[in-house]
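Descriptive structure summary
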Amino acid sequence: MSNFTNGTGGLSRRGLLKGATALGAAGLILPASVRKAMAEPKRGGVLRIALASGNTTDSLDPATWDSTFVQSFNTARCNTLTEIAPDGTLVGELAESWEASADAVTWTFKIREGVTFHSGKAMTVDDVVASINYHRGEESKSAAKPYVDPITDIKADGQNVVITLSGGNADFPFILADYHLVVLPSADGKIDVTTTDGTGAYVLDSFEPGVSVKMSRNPNYFKSDRAWFDGIDALSIVDAAARQNALITGEVDVIDGVDLNTVSLLERAPGIKVLPVTGNQHFVFPMDTRLSPYDNNNIRQALKYGLDRDELVEKILRGFGSAGNDHPIGRGQRYFNTELEQKTYDPDKAKFYLKEAGMDSISVQLSAADAAFSGAVDSAVLYAERAAAAGINIEVVREPSDGYWDNVWMKKPFCASYWGGRPTEDLMFSVAYSAGAPWNDSFWDHARFNELLVSARSELDDDKRRQMYWEMQDICANEGGVVIPMFASYVNAHSDKVGVPEVIGTNQGLDGLRLYERWWFA
Amino acid sequence: MGLIWTMIAKRLGLGLLTLFVISVIIFSATELLPGDFAKAILGQSATEETLAAFRKEIGLDLPAYQRYFNWLGGAIQGDFGTSLSGNKRPVADLIATRLGNTLFLALYAAAIAVPLSLVLGILAALYRNSIFDRAANAAALTSISFPEFFVAYILIFVLAQSGLFPSMTRMDADTTLGEGLYRAFLPALTLTLVVTAHMMRMTRAAIINLLASPYIEMARLKGINPMRVILKHALPNALAPIITVIALNLAYLITGVVVVEVVFVYPGLGQLMVDSVAKRDFPVVQAVALIFAAAYVLLNLTADVLSTLSNPRLIHRK
């Protein structure tokens, strides 16, 4: 899925308008003593990594990158205009700096000079324009289309790219860090989507879809403090036990998607470290707020209080996550509302809200399949057990995983789903909570919320924005149509030979998809 | 001998018809599945517009019968089309290496399993009801009773975590034969354990069946040693059922090993088939299904031809 999320830290007003260029910013925020204690990155070695995703239908076309496997190796092959640093701030990648007009409608990006593709061709401003245009327009089949739809005009101006939006958006540079929006070589204003070329840290040597990818370091990479490995050898191992065996027997150095049921066994294996990273990925139970009984907010509140979030985190996530508060903003995000009361399991309150709605008990159906998230069916069953104490009878309907997004999600009135999160509050709310958005899976339409969403988007004053986003989280949590039981960590494991940076990107799995260029062999 | 050739020709013709029917069934089945390739790839993030553009690009906007006949027209000329995925890889390319891998593993497993089960079956018949017979039977039945993945995990636990054999099987273009045999040992052993029981017990039963016949009695009375009785007198007459069972198991080794492929990360056809069905990549599903069907048709034909040849009464029919 197209998930990019944001981690900790904030973007200052100056940083927002000017664009930081210091790539090492993440390292600089650490006290000197800590930095000394950390092993210095060094070059060498071929990283062997096994990932849980990867499919024989994977392709090099950026419109279709749907799994961590393709996303990560293509992020190593290519670059985007901006990059979300491990601490969650935004830094330049192929764009050196950027500036916005006062209303945040027109954005000017200064493109880095002297960058070449692996083929030797110089990367030009035209390549940037063509690469972004590929995702726009009627013909686009790209999953990133909704992100670039607000662009009304994009043109080259010397070494700059000038982008005009349909409305002000203070977070626009964050969107350009999306992994779909990589810069590929172009000819006559079109990019070739089958090319293996790119400007990134690693040159693609071989790609066998659903099996493996081999890459070697790009000797001309424009970042000197990145790309420590000589090469990358990434394998797709879908079976969790096989993946963990590969790590234990030393066939690979890093794996993702550790099976939470056996994580304690893996922790005991010699020479292996388990690395959980708290991200903004969260699991949800959206209700169709247009339909009875979910159109009544008292019923929605009752359902939100009838859920034992801590139990789900403990039993489904084995502690690798945190309780959700019925809004999609993660603790690490810039405008996370720290004063909003955390909802807990409270059958009395749930009963109270039922009574408000004029009912003593209620029966609902909850559709779930593990396609929504691993453990979705178990979560639904636990939910039903706890909710029963409040007079809420949940009948868990077990749906087939196959075709889940076609037939269940946004079709059944109450179901399980997940979001990988988005890098900014605006994107997350716009995509899944604004009225009429194609993925608004609760079909929620709240006038005050929608109004705040638009005004916060173009607001450049940090305090005012914070106030607005805080209010929106409050509205979402107490009047919204989505039960958000938990935020799940990304759980990876690696051999102790691998060097891991002190700060790890949380915007996506695999160190914000940039593990290949950020990690090293100790 | 003419009889044999007519039979082969007839069966091949019927086989082609079977393949055609299978292609229709598979196509209709993929059509019946909810969702399509565009939806499967774009998943949760699909919008109506992007789906329409995607379908148009890969030709999914055409009506189903038209897509089927386009595919059939190509297939008759040996062109199985291109995968729907953005790589536009010809299906033949996509399948070639994986088919090679699948055949390699199937042959490897068969090379261990067939001689092993024949020898065990013959010995079990020879020493029937002895401790050896009971032990061999019990062991074979135990291994067939466990699910494949369980056998695989046990082997990994015992043989791979101690470092004797690799827990996963990487095969690429520059893997030498020796290396390939070493790396694929555990999956081959797993499959051996799974298929041996069937063939061994069939061998034993077929031979024991014959041991009650008068002509065996006669051979015994003549004082021929029991091993010779079985090899010279009983076995040739027991060949037909044994060959059939071997052919069935070989077909299984080609078509039914996806679980073993997944556990050992072996890039074979099974995994490709499962992936393609999940993503509704219909040209690939069709091609793989046809290969699987062809394997059954050809192996059954081979079994029938060999059984006929092993039986003089069928060859010299009046």
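How each quantity is defined
- Residues numbered from 1 in each chain as written.
- Chains lettered and ligands numbered in written order.
- Predicted model: local features only at pLDDT ≥ 70, side-chain atom pairs only at ≥ 80, totals over all residues.
- Heavy atoms only, no water.
- Helix = DSSP H or I, 4+ residues; strand = E, 2+ residues; numbered from the N terminus.
- Buried < 20%, exposed > 50% of the residue type's maximum accessible area, 1.4 Å probe, protein only.
- Contact = heavy atoms within 4.5 Å.
- Axes fitted to C-alpha atoms, helices over the stretch in contact; angles between N-to-C directions.
- Parallel < 35°, antiparallel > 145°, perpendicular 65-115°, else oblique.
- Left-handed = near helix turned anticlockwise from the far one by under 90°.
- Core = buried A, V, L, I, M, F, W, Y, C linked by side-chain atoms within 4.5 Å.
- Buried area = accessible area lost by both parts, 1.4 Å probe.
- Salt bridge = Lys/Arg side-chain N within 4 Å of Asp/Glu carboxyl O.
- Polar contact = N/O pair within 3.5 Å; in protein donor to acceptor, adjacent residues only side chain to side chain.
- Pairing = 2+ DSSP bridges.
- Phe/Tyr/Trp six-rings, centres within 6.5 Å; stacked < 30°, edge-to-face > 60°.
- Lys NZ or Arg CZ within 6 Å of the ring centre and 35° of its normal.
- 1 Å grid on protein atoms, 1.4 Å probe; cavity = no way out; pocket = protein on both sides within 12 Å on 5 of 7 lines; lining within 4 Å.
- Points joined across faces, edges and corners; volume = space filled by probe spheres on them.
- Nonpolar A, V, L, I, M, F, W, Y, C, P; charged D, E, K, R; others polar.
- pLDDT = per-residue confidence, 0-100.

Summing up its helical and strand segments, chain B has 15 helices and zero strands in all. If you line up chain B on its principal axes, its C-alpha atoms span 85 × 60 × 35 Å. Of all 318 residues assigned to chain B, the portion counted as buried reaches 47%. Here the contacts in chain B between residues at least 6 apart in sequence split such that 74% fall between residues at least 24 apart.

Turning our attention to the packing of helix H16 (residues 447–457) of chain A against helix H17 (residues 462–479) of chain A. Two quantities define a packed helix pair, namely the angle between the helix axes and the distance between the axes. All names here are of chain A. Remark: H16 packs on H17, axes separated minimally by 10 Å, with the N-to-C direction vectors making an angle of 155 degrees. Put simply, H16 runs roughly antiparallel to H17. The way H16 lies across H17 gives a crossing that is left-handed. On H17, the residues touching Arg 448, Phe 449, Leu 452, Leu 453, Ser 455, Ala 456 and Arg 457 of H16 are Arg 465, Met 468, Tyr 469, Glu 471, Met 472, Ile 475 and Cys 476.

Bringing the nonpolar core into the picture now. A:Ile163, A:Leu303, A:Tyr383, A:Ile392 and A:Tyr433 are the most contacted members of the largest nonpolar core, which totals 105 residues. With seven residues, the top contributor of residues to this core is helix H13 (residues 376–388) of chain A. Leave out the neighbours within four places in its chain, and A:Ile163 touches A:Val105, A:Thr106, A:Trp107, A:Phe109, A:Ile132, A:Ile151, A:Asp153, A:Ile154, A:Phe172 and A:Leu176. Core analysis: the second largest hydrophobic core is formed by 51 residues, B:Tyr108, B:Ile216, B:Leu235 and B:Val260 among them.

Interfaces are frequently sized by the accessible area removed from exposure as the parts join. At the interface, 45 residues of chain B touch 51 residues of chain A. Across the chain B/chain A interface, buried area totals approximately 3700 Å², and carbon plus sulfur atoms make up 52% of it. Along the contact surface separating chain B from chain A lie zero salt bridges. Inspection of the chain B/chain A interface yields two residue pairs in polar contact (both at pLDDT 80 or more). Where the side of chain B that touches chain A is concerned, the elements lending two or more residues are helix H2 (37–42), helix H3 (48–58), helix H5 (91–126), helix H7 (148–160), helix H12 (258–263) and helix H13 (269–279) of chain B.

All names here are of chain A. With mixed pairing, the seven strands of this open sheet are ordered in space as E10-E11-E12-E1-E13-E21-E14. Only two strands of the sheet have a single neighbouring strand rather than two, namely strand E10 (202–208) and strand E14 (272–277). Here E10 pairs with strand E11 (residues 212–217) via six bridges, running antiparallel. Opposite Val 203, over in E11, you have Ser 216 as the bridge partner.

Throughout the structure, instances matching the rule amount to 28 aromatic pairs over all chains. Between B:Phe165 and B:Phe185 the ring centres are 4.5 Å apart and the planes differ by 25 degrees, which places this aromatic pair in the stacked class. Taken together, the positions of B:Phe165 in the loop between H7 and helix H8 (177–183) and B:Phe185 in helix H9 (residues 185–211) put the pair 20 residues apart, joining distant regions of the chain. Counting every residue linked through ring pairs, the aromatic cluster contains A:Phe283, A:Phe285, A:Tyr294, A:Phe373, A:Tyr383 and A:Phe414. The ring of A:Phe443 has A:Arg290 sitting right over it, with the charged end atom 3.8 Å from the ring centre. Above the ring of A:Tyr305, the side-chain terminus of A:Lys343 is found at 5.8 Å from the ring centroid.

Right, let's talk about empty space enclosed by the protein for a bit. Space left empty within the atom packing is revealed by a probe, the size of a water molecule, rolled over the atoms. Residue and element names in this part refer to chain A. For the structure on display, the rule yields six cavities of 30 Å³ or more. The calculated volume of the largest cavity comes to roughly 90 Å³. If you go around the largest cavity, you meet eleven residues; those closest to its centre are Ala 177, Asn 507, Gly 512, Leu 513 and Arg 514. Looking at the lining of the largest cavity, its residues break down into five nonpolar, four polar and two charged.

Moving on, we come to the environment of B:Gly81. Residues and elements named next belong to chain B. Here Gly 81 shows up in the loop between helix H4 (64–76) and H5. For Gly 81 and Trp 5, which are 76 residues apart along the polypeptide, the C-alpha to C-alpha distance reads 33 Å. When near neighbours in sequence (up to four residues on either side) are disregarded, Gly 81 contacts Pro 90 and Val 91.

Here we take up the sheet that holds strand E5 (residues 106–111) of chain A. All names here are of chain A. Taken together, the four strands give an open sheet; going across it, the order is E4-E5-E7-E6, and neighbouring strands pair in antiparallel fashion. What marks the edges here is a single partner per strand, and that holds for strand E4 (95–100) and strand E6 (151–157). Between one strand axis and the next, the sheet turns by 20 degrees as a mean value, whatever way the strands run.

This paragraph deals with the pairing of E4(A). Pairing of E4(A) with E5(A), which is carried by five bridges, proceeds in the antiparallel orientation. Bridge pairing links A:Glu99 to A:Thr108 in E5(A).

Turning to the confidence of the model for chain B, a few remarks are in order. Residue and element names in this part refer to chain B. Looking at chain B as a whole, the pLDDT averages 83, with 95% of positions reaching at least 70. Within chain B, H2 has the poorest average pLDDT of any element, 71, and helix H6 (residues 131–145) the best, 90. Scoring of the predicted complex yields 0.78 for pTM and 0.73 for ipTM.

Our next topic: the pairing of E5(A). Residues and elements named next belong to chain A. The side-chain alternation of E5 yields one buried face, formed by Trp 107, Phe 109 and Ile 111, and one unburied face, formed by Thr 106, Thr 108 and Lys 110. Count of turn residues in the E4/E5 antiparallel hairpin: five residues, of which Ala 104 carries a positive phi of about 60 degrees. Examined bridge by bridge, E5 and strand E7 (residues 160–165) share five bridges and lie antiparallel to one another. Residue pairing across strands places Phe 109 opposite Val 161, the latter belonging to E7.

Attention shifts here to the packing of helix H10 (residues 214–221) of chain B against helix H11 (residues 226–255) of chain B. Residue and element names in this part refer to chain B. With their axes 11 Å apart at the nearest point, H10 and H11 run at an angle of 170 degrees to one another. Classed by the angle they form, the pair H10 and H11 counts as roughly antiparallel. In contact with Tyr 215, Ile 216 and Ala 219 of H10, H11 contributes Val 229, His 233, Ala 234 and Asn 237. Classifying every residue of the contact of H10 with H11 by side-chain character gives five nonpolar, two polar and no charged.

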